Structures are given as structure tokens and as C-alpha cells.
Amino acid sequence: MRLPLPGLDLIDVCKSYGDVPVLERVSLSVAPREFIAFLGPSGSGKSTLLRIIAGLETADSGEVWLDGERIDPLAPGARGIAMVFQHYALYPHMTVRENMAFGLVNAKVPKDEITRRIAQAADILEIGAQLDKKPGQMSGGQRQRVAIGRAIVKQPRLFLLDEPLSNLDAALRGRTRVELAQLRQRVDAALIMVTHDQAEAMTLADRIVILDNCCIQQVGTPAEVYARPANAFVARFVGSPPMAMLPGVIAGAEGGRVQVRLAEGMMLATAVPAGGLVAGTEIEVGLRPEHVRLAAPGTSGAAAEVELVERLGDRTFIYARLAGGAEIIALEPGFGTVRPGDAAALVIDGEAAHIFTAGGAAHHPEPRG
Amino acid sequence: MNAALRDRLVGYAFVGPFLLVYAAVMVVPLIMGLVISLHRADLFGRREWVGLANYSEALGDPVLHQALGNTAMLALLIVPPLTGLALLLALALNRPGRFAAVLRGVFFSSLVLSVTIVTLIWRFILTPDAGLIAEGLAATGRAPIPFLSDPDLVIPAIAVTTLWWSLGFPVMLILAGLQQVPGDIYEAAALDVANRWTVLRRITLPAIRRTLLLVVMLQTAAQLQLFGQAQLLTGGGPGGASRTIVLYIFEVSFGRWELGYATAIAELLFGMILALTLVQYWLVTRHEEPRA
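Computed from a predicted structure; not experimentally measured.

## Remarks on the interface of chain B and chain A
Part 1 of the reasoning: At the interface, 17 residues of chain B touch 24 residues of chain A.
Part 2 of the reasoning: A combined buried area of about 1,800 Å² lies between chain B and chain A, and 61% of that area is made up of carbon and sulfur atoms.
Part 3 of the reasoning: Glu187 of chain B is the salt-bridge partner of Arg51 of chain A, the closest N and O atoms lying 2.5 Å from each other.
Part 4 of the reasoning: Where chain B touches chain A, the interface holds 8 residue pairs in polar contact (both at pLDDT 80 or more).

Next up, the structure:
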């Protein structure tokens with residue numbers, strides 16, 4: 001028997017559309033006031049999971065609990081949940097004020113209380129001057145605020161945000177991201193945001209839930225999913241540019257740490273504990289760009305040919321191909337002078353390398369002492 | 001030739017054929033009708049200028065006044081119930097699934113029947129002489145009702161016939177309007193604790209008000225020109241109790257050969273329909289802000 005705990009709990013949620021499974025036995029606990037991001041590629045089931053929590057979809061099996069109350073049999077409006085839709089879903093023929101009041105009037109909240117809450121939300125979101133406009137007269141960013149305002153006035157126990165920034169242009173997206181971060185300080189509720197943009201997830205969320213292939217691949221803080229990805233999928237999905245994956249073979253161990261022979265024949269001394277990794281096993285070596293750099297002139301390194309150079313001003317990513325054919329990405333500070341087609345020598349920080357076995361399971365390096 | 005000019009010419013070339021036909025069958029006859037209405041004219045081409053005499057005759061014509069009353073009553077008995085019924089049916093049929101699809105087809109099917117078939121069917125239903133309703137009444141021991149020869153019942157009888165015949169198209173229009181409403185608004189309403197009545201009143205109806213306006217405007221224009229059903233079911237009888245304006249125009253022009261007078265009545269009807277349609281449009285749209 002479970003104890004009624006505050007926060008959101010998903011237990012073994014399953015959903016399929018006909019023969020196509022969308023979610024398979026998804027379980028998750030969200031603490032009160034926690035900011036969670038559902039991150040995954042399209043078709044990973046992240047939006048479906050959000051809609052099941054909201055009550056807009058019904059799970060085939062499994063339970064949804066909020067603050068100790070089982071909510072999955074309840075109607076969407078009875079769950080104490082507010083949602084900000086991807087396309088805002090504002091009522092086009094109602095003014096901003098009416099949009100925000102609609103749910104409260106339906107829930108029979110007293111009139112002066114409605115007025116008070118709308119004034120407060122309008123104040124927070126700086127839309128006080130727009131209360132008598134209709135959504136069609138507003139810009140995308142303003143509509144977004146109204147949609148958030150409509151959620152705030154309900155004083156929900158849980159906020160759901162479906163791709164909240166995807167309809168905004170780049171400049172507005174950055175500002176709204178800051179505003180969302182401020183929003184979570186102001187509201188006394190947990191937030192769950194669906195996104196396919198890892199930068200959003202990394203900057204906003206306390207914990208990231210990474211979904212793919214109908215299942216949760218990893219739940220962790222942004223630092224955890226970046227530094228210790230649970231499997232090869234997470235390793236590739238989180239990080240921009242992504243972790244490079246080099247094919248290799250376990251060559252042996254030295255000092256309890258794995259030695260890897262890359263396809264190029266080059267030996268790499270890793271900091272991954274040898275336990276469980278047998279010599280001769282084919283594996284992939286995962287390397288973040290910051291652990292690969294150009295060798296200083298006159299020093300040796302792994303031979304590679306530069307294919308693409310991405311100059312971001314303060315730093316430069318160098319996409320190169322090793323002699324054995326594997327793609328690798330190096331990071332250099334500053335603007336750099338290397339050009340596509342150049343031959344380069346790369347220094348690989350083997351002690352930062354991750355190892356992924358054929359099943360995708362991850363072996364991480366021991367922290368540097 | 002610069003590109004902008006060429007684009008314009010190409011555009012005119014595309015709409016040109018339509019404009020030519022439109023002018024030939026709509027604009028020219030409208031103007032010719034205006035001219036004819038100022039003459040005493042017959043079908044053989046005899047024209048005698050009479051100025052506004054036809055129009056002043058129309059103002060004092062008791063038969064026309066009766067026809068105007070009949071037509072207005074028919075429009076009142078048809079347009080509001082038709083719009084309401086079509087809305088109810090469209091709301092009921094606006095769902096996925098084979099059953100709803102079949103029913104959508106059924107309700108649309110009466111529309112493809114010609115007025116001849118429709119009046120034939122309804123004659124079988126309405127006639128006191130072994131008609132469907134008469135048989136039903138007889139089975140319960142009651143006397144048949146002479147729908148088509150009782151001056152008080154003939155207008156409602158034609159109205160019901162027309163309702164049955166005309167229902168399909170408004171249902172389709174409203175269904176199309178309903179399917180334009182974005183689904184996420186309904187999801188937002190579900191999270192906003194809106195019950196079905198609130199959703200209908202505050203979300204659905206405002207969202208399709210332009211479609212409803214279109215239905216009302218089209219049907220008003222159509223029913224003010226009601227002709228076939230009256231002509232075929234009753235011939236305008238008994239005693240002119242079901243004579244409509246268009247039926248009267250038909251009688252005057254092809255029965256009495258007074259083409260000038262008939263045309264004058266037709267122009268008056270045209271002006272009336274135009275005015276009514278504009279008033280309806282203004283009533284519905286006056287509070288709307290320009291669309292972004």
C-alpha cells in the first residue's frame with residue numbers, strides 16, 4: 001500500500017494507439033515545486049505522457065497520483081492541473097480578461113476573487129494594458145503570456161507546458177526562457193515542460209526526463225544526464241554538438257582501468273573501471289568535444305582530416321574524420337584558423353571517455369582525483 | 001513588358017472567362033430587366049415606355065401583397081427551423097466513425113433530388129386521399145387532414161416539404177465550419193471545467209457564427225424565391241393561399257404576358273433580398289473587430 005505523498009506519481013503508465021505502442025510501463029515521481037522537462041525526439045511519447053497527466057488522453061493502464069490523490073479517473077478540469085498549450089489554444093472571440101476568467105467562472109470562484117487573481121497575474125506577466133484585447137490583436141509573445149496567465153490564475157497544483165517556446169522567434173525565446181525561470185519561483189506548484197530542445201531543458205529544469213522509444217531512458221539533473229548518460233541514446237541526444245562515438249575494442253586493463261584500441265589502431269587509456277568489461281569486447285567510445293583538441297604544433301596526435309568548422313566566436317567546433325573513418329568533434333577556444341580539408345592532429349583525453357557496450361549500457365570514467 | 005504587368009495580365013486571363021460569362025448571364029440581364037421594367041412589354045418584343053407605372057401598379061396590387069405575405073411567412077417558417085435543425089444535426093454528426101459518415105450521406109442525399117421528385121414524395125405523404133398521414137390518422141380512427149387544400153395548412157405543408165428537401169446543404173456547411181474550429185480550444189475548455197452547454201454557448205457557437213450567418217443569408221435568399229414546391233404541390237392555391245412572389249412573377253409573365261410588370265416585381269424582389277441580406281450581415285458582424 002502506497003503512502004499519500006505530495007507531488008506527482010506515475011505508476012506503470014502504458015498507452016498504445018491500435019498496435020502502435022506509445023508508452024510502455026512509464027513510472028516517475030515528481031516532487032512538489034520541482035521543474036521537470038520531458039525531453040525526447042518527436043514520436044518519443046513525451047507529449048502523450050503530458051496529455052495523460054492532464055487527462056486529455058486516457059492511459060491504457062497505470063495510475064496517476066497527485067498529492068496523494070489518484071487523479072487518472074478524474075475529468076481534466078477536476079485534477080488541479082493547468083496547461084499551457086503549444087499553440088496557446090486561447091479562445092479567439094474572448095478578450096484576454098475573459099480568457100483568463102473562463103475557467104474560474106466555470107469553477108464558480110467568487111467574482112471579486114477572479115478579479116483579484118487576474119489583476120495579480122496581469123501584473124506578473126505585464127499584460128495589464130492588454131486585458132481588453134482579443135488574442136487576434138496580439139503578437140505571439142503576448143499570446144504566450146496570456147496562455148501562461150490563464151494557467152496561473154487557476155492556482156494549480158501542477159503546471160503543464162507543451163513545447164512552450166517552440167512558436168517563438170529566437171530573440172523572444174531567450175527572453176521567455178528567463179521568464180519561465182522566474183515563473184517557477186513565483187508559483188507554488190510543480191512544473192512539467194515538454195520540449196525537444198535540450199538547451200531549454202538544460203537551462204530550466206531541475207531534472208530532465210529523457211524519453212525515447214516509448215520508455216524513460218534516464219531521469220537526472222542536467223549535470224547528471226550530461227556527465228553520466230545512462231546509455232548511448234542519451235549520450236548522443238544530450239549535448240550540442242553531440243558526443244562522438246568511436247568504434248573500438250577492449251584491449252585489456254591497467255591499474256583496474258580499461259584500455260581501448262580504437263579502429264585506427266590507436267590505444268586509449270581510459271578512466272573507466274575494468275570490472276565487467278572483458279578484453280576483446282567490441283564497444284563504442286564516447287567523447288564530448290571538450291575532451292578532444294588540436295595538438296600543439298610540433299606535437300603528435302591522432303591523424304584526422306577536418307570536414308567542417310563551426311565558428312561560434314568564442315569557441316570553434318571542428319568536425320573531423322579519423323584515419324579509420326570514425327567521426328570525431330574537437331573543441332578549440334577562440335576563432336581558430338583551421339579550415340575544412342586540413343590535416344589535423346588531435347589530442348584525445350582518454351580519461352574523460354565513456355564506454356558503451358553493444359546493448360547501449362554506459363560505463364563512465366571514475367571522477368578525477 | 002515588366003513582370004508586374006505580366007502577372008496582372010495573366011491574372012486577368014484566368015478570371016476573364018468567368019467574368020465574361022458572369023456579365024453575360026447576370027449583369028446584362030439585370031440591367032435589361034431594369035430597362036424592361038420601365039416599359040409595357042410582352043414576350044414578342046413589343047415595348048412601350050411607361051416610366052414607373054409598373055412599380056406604382058405593384059404597390060397597389062392586392063395579389064402581389066398576398067404573395068408577399070405568403071412568401072414572408074414561408075421564409076419565417078423555413079429559415080429559423082432549418083438553421084436550428086441543421087445546427088443540431090451537424091453537432092450530432094460531427095464525430096469520426098462510419099455510422100456518422102453514413103448518416104451525413106443520408107441527410108445530404110435529399111438535396112440531390114429534383115423538386116419534382118420531392119413534391120411527388122410529399123404529395124404521397126400529404127394527400128388526404130390514402131396519403132401516408134391520412135392512413136396513419138385512419139388507423140387511429142381520425143378523419144384525414146386536407147393539408148394542400150386548407151388555406152391555413154398549405155403554407156406549413158410547403159414549409160415542411162422544403163425543410164426536408166433543403167436540410168442537407170446547411171448541415172454540410174455547418175459541419176465544415178465545426179471542423180475548422182481548432183481542437184486544442186476544446187481541450188483548453190475541458191481543463192477550464194466547462195460543461196457541454198458552456199462549451200456550446202461560449203466556444204462552439206461563437207466560433208461558427210460566420211458559418212451560421214452564411215446559412216441564414218443563403219437560405220433567406222433561397223426561400224424568398226421559393227417557386228417549384230408551390231407550383232407543383234398546389235399551383236398557388238387554394239385561392240392564392242400558397243402563391244409565392246416568384247410564382248406570381250411566373251404567372252404574370254407567362255400567363256398574362258405582361259413582361260414589363262413581371263420584371264418590375266422581380267426587380268423589387270431583388271432589392272428586397274439584397275437589403276435583407278445586408279441587414280443580416282451588418283447585424284452579425286457589427287461587433288466584430290477586423291481580423292488580424
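## Description of the pairing of strand E12 (residues 257–262) of chain A
A regular strand places its side chains on the two faces of the sheet in alternate fashion.
Residue and element names in this part refer to chain A.
Part 1 of the reasoning: Two strands pair when backbone bridges link them, and strand E11 (residues 244–254) and E12 are joined in this way by 6 bridges, in the antiparallel orientation. Bridge pairing in E12 links Val249 to Arg261.
Part 2 of the reasoning: Sheet analysis places E12 next to strand E13 (residues 267–273), joined by 4 bridges and oriented antiparallel. From the neighbouring strand, Arg257 faces E13, where its bridge partner is Pro273.
Part 3 of the reasoning: The loop that links E12 with its antiparallel partner E13 comprises 4 residues; one of these, Gly265, has a positive phi angle of about 90°.

## Quick word on the sheet that holds strand E21 (residues 362–363) of chain A
Part 1 of the reasoning: Pairing is antiparallel across the open sheet formed by 6 strands, whose spatial order is E13-E12-E11-E14-E20-E21 (chain A). Taken across any chain shown, the strands that pair with only one partner, and hence form the sheet edges, are E13 and E21 of chain A.

## Focus on the packing of helix H9 (residues 183–191) of chain B against helix H10 (residues 196–207) of chain B
Residues and elements named next belong to chain B.
Part 1 of the reasoning: Relative to each other, H9 and H10 sit at 145°, their axes nearing to 11 Å. For the pair H9 and H10, the sense of crossing is right-handed. Across the interface between the two elements, Ile185, Tyr186 and Ala189 from H9 touch Val199, Ile203 and Thr204 from H10.
Part 2 of the reasoning: Partitioning the contact of H9 with H10 into residue classes produces 5 nonpolar, 1 polar and no charged.

## Describing unusual backbone geometry
All names here are of chain A.
Part 1 of the reasoning: Pro241 follows Ser240 through a cis peptide bond whose omega is 0°.
Part 2 of the reasoning: Within the element layout of this structure, Pro241 appears in the loop between helix H8 (232–237) and E11.
Part 3 of the reasoning: One non-glycine residue, Lys108, adopts positive backbone phi at about 60°.
Part 4 of the reasoning: Checked against the element boundaries, Lys108 lands in the loop between helix H2 (96–106) and helix H3 (111–125).
Part 5 of the reasoning: Given the relative accessible area of 72%, Lys108 is considered exposed.
Part 6 of the reasoning: Residue Glu163 is not a glycine yet carries a positive backbone phi of 45°.
Part 7 of the reasoning: Following the sequence through the fold, Glu163 ends up in the loop between strand E7 (158–162) and helix H5 (170–186).
Part 8 of the reasoning: Overall, Glu163 belongs to the buried group, its relative accessible area being 8%.

## Looking at the pattern of salt bridges
Side-chain pairing between opposite charges can occur once the charged atoms of the two side chains come close.
Part 1 of the reasoning: Applying the stated criterion to the full structure yields 27 salt bridges over all chains.
Part 2 of the reasoning: A salt bridge links Lys154 of chain A to Asp192 of chain B; the nearest nitrogen and oxygen atoms lie 2.8 Å apart. Here Asp192 of chain B lies in the loop between H9 and H10 and Lys154 of chain A lies in the loop between helix H4 (140–152) and E7, a pairing that spans two chains.
Part 3 of the reasoning: Judged by relative accessible area, Asp192 of chain B falls into the buried class, the value being 1%.

## Brief notes about the packing of aromatic side chains
Residue and element names in this part refer to chain B.
Part 1 of the reasoning: Counted by the stated rule, this structure contains 7 aromatic pairs over all chains.
Part 2 of the reasoning: An angle of 65° between the planes, with centres 5.0 Å apart, marks the rings of Phe44 and Trp257 as edge-to-face. With Phe44 in the loop between strand E1 (39–41) and strand E2 (47–49) and Trp257 in the loop between helix H13 (245–255) and helix H14 (259–285), this pair connects stretches of sequence that are 213 residues apart.
Part 3 of the reasoning: Phe44 sits in the exposed class, given a relative accessible area of 66%.
Part 4 of the reasoning: For Trp257, a relative accessible area of 39% translates into the label partly exposed.
Part 5 of the reasoning: Between Phe250 and Phe254, the ring centres sit 5.6 Å apart and the planes meet at 45°, which makes this aromatic pair tilted. Taken together, the residues Phe250 and Phe254, both in helix H13 and 4 residues apart, mark about one turn of the helix.
Part 6 of the reasoning: For Phe250, a relative accessible area of 33% corresponds to the partly exposed category.
Part 7 of the reasoning: By relative accessible area, Phe254 is classed as exposed at 51%.
Part 8 of the reasoning: Among the aromatic side chains, those forming a connected cluster through ring pairs are Phe227, Phe250 and Phe254.

## What to know about the sheet that holds strand E5 (residues 69–70) of chain A
Residues and elements named next belong to chain A.
Part 1 of the reasoning: Strand order across the open sheet formed by 4 strands is E2-E1-E4-E5, with antiparallel pairing between neighbours. Looking at which strands have only one partner, the edges of the open sheet turn out to be strand E2 (20–30) and E5.
Part 2 of the reasoning: Of the strand pairs in this sheet, strand E1 (residues 8–17) and strand E4 (residues 61–66) are connected by 5 bridges, and their pairing is antiparallel. Across the sheet, residue Leu8 finds its bridge partner in E4, namely Leu66.
Part 3 of the reasoning: Its contacts with the sheet place helix H1 (residues 46–54) against E1, E2 and E4, and it is angled at close to 120° to E1.

## Digging into the pairing of strand E6 (residues 81–84) of chain A
Residue and element names in this part refer to chain A.
Part 1 of the reasoning: Going residue by residue along E6, you find Ile81 and Met83 tucked away on one face and Ala82 and Val84 tucked away on the opposite face as well.
Part 2 of the reasoning: For E6 and E7, the ladder comprises 4 bridges, and the chain directions are parallel. Bridge pairing in E7 links Met83 to Leu160.

What counts and what doesn't
- Residues numbered from 1 in each chain as written.
- Chains lettered and ligands numbered in written order.
- Predicted model: local features only at pLDDT ≥ 70, side-chain atom pairs only at ≥ 80, totals over all residues.
- Heavy atoms only, no water.
- Contact = heavy atoms within 4.5 Å.
- Buried area = accessible area lost by both parts, 1.4 Å probe.
- Salt bridge = Lys/Arg side-chain N within 4 Å of Asp/Glu carboxyl O.
- Polar contact = N/O pair within 3.5 Å; in protein donor to acceptor, adjacent residues only side chain to side chain.
- Pairing = 2+ DSSP bridges.
- Helix = DSSP H or I, 4+ residues; strand = E, 2+ residues; numbered from the N terminus.
- Axes fitted to C-alpha atoms, helices over the stretch in contact; angles between N-to-C directions.
- Left-handed = near helix turned anticlockwise from the far one by under 90°.
- Nonpolar A, V, L, I, M, F, W, Y, C, P; charged D, E, K, R; others polar.
- Buried < 20%, exposed > 50% of the residue type's maximum accessible area, 1.4 Å probe, protein only.
- Phe/Tyr/Trp six-rings, centres within 6.5 Å; stacked < 30°, edge-to-face > 60°.

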